[in-house]
Amino acid sequence: MTDAPRRKRVPRAEREQQILAAAEEVFAERGFQNTSMDEVSLRVGVSKPMLYEYFTSKEGLLLACVARIRADLHSTTLGAMAAAEAGGPRAVLEAGLEAYFDFADRHGRAWAVLLNESVIVAGPAEEAIEAIRGQQTRLLEDVLGRWLADASPTRVAVLAHGLVGASERVARWRLRDGSGIGPRETAVLLADAFWPGFAEVETSAKP
């Protein structure tokens, strides 16, 4: 009589990613307040004690989801903008916006939940979500600062914050009732809205 085959042990890093993917789905479906650790454990197929071993609490699980989303968004946007540099500032702007909207599509309702502060408890989770906005703003400030080299830091900051805020609102609209508009078309339309202001700053800064 042969022994039953042993269940393959999943490496911790891989298991964490499985849990985070499942948790993101549940948060998207039910919101943070209505999500339970029982639901997440059932979705991913691990025990609830294991969830607490990995993430300590439901808020800890949310923070880990936010951290993963933040890293993904940063690397995706940065890579897209770097790849478009040969095409000039307008191409870089469009590439960054397209990457942002494509990212929002991939994360779907979970992204909408995270952007809706009314469902997130105040404290570390709220601060972590705000840090995503800060990350994207700093990325744009760096890009715009190199492009608009003679513009004041204050002007660059206002432009970057304005673009991040507009992108977020458009992303939420697309997820809710955007009539099927794709990431590329959305990026071009939003770039059209901001481009005259950027071009004016660049022109006025020249002697």
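Structural data are supplied above this passage.
Residues numbered from 1 in each chain as written. Predicted model: local features only at pLDDT ≥ 70, side-chain atom pairs only at ≥ 80, totals over all residues. Heavy atoms only, no water.

So, the side chain of R133
Examined against the element boundaries, R133 turns out to sit in helix α6 (residues 124-147). Since its relative accessible area comes to 14%, R133 is described here as buried. Of note is the side chain of R133, whose polar atom sits 2.9 Å from the side chain of E130. (Helix = DSSP H or I, 4+ residues; strand = E, 2+ residues; numbered from the N terminus. Buried < 20%, exposed > 50% of the residue type's maximum accessible area, 1.4 Å probe, protein only. Polar contact = N/O pair within 3.5 Å; in protein donor to acceptor, adjacent residues only side chain to side chain.)

Remarks on the layout of surface pockets
The calculated volume of the second largest pocket comes to roughly 210 Å³. Sorting the residues of the lining of the second largest pocket by element identifies α4 (58-83), α5 (89-115) and α6 as the ones contributing at least two each. Counting residues per element, the lining of the second largest pocket draws most heavily on α6, which supplies five residues. Within the lining of the second largest pocket, the residues separate by chemical class into eight nonpolar, one polar and three charged. (1 Å grid on protein atoms, 1.4 Å probe; cavity = no way out; pocket = protein on both sides within 12 Å on 5 of 7 lines; lining within 4 Å. Points joined across faces, edges and corners; volume = space filled by probe spheres on them. Nonpolar A, V, L, I, M, F, W, Y, C, P; charged D, E, K, R; others polar.)

Topic: the pattern of salt bridges
Applying the stated criterion across every chain yields a total of 17 salt bridges. R43 is the salt-bridge partner of E25, the closest N and O atoms lying 3.1 Å from each other. In this pair, E25 is assigned in helix α1 (residues 12-34) and R43 in helix α2 (residues 37-44), connecting sequence segments 18 residues apart. You can call E25 partly exposed: its relative accessible area is 42%. Note on R43: relative accessible area 38%, which makes it partly exposed. Here D105 ties to R174 by a salt bridge, and the two come within 2.9 Å at their closest N and O atoms. Residue D105 is located in helix α5, and its partner R174 is located in helix α7 (residues 153-177); the two are separated by 69 residues in the primary sequence. Residue D105 is classed as partly exposed on the basis of its relative accessible area, which comes to 36%. Given the relative accessible area of 11%, R174 is considered buried. Connected through shared salt-bridge partners, R90, E94, E98, R184 and D192 make up one network. (Salt bridge = Lys/Arg side-chain N within 4 Å of Asp/Glu carboxyl O.)

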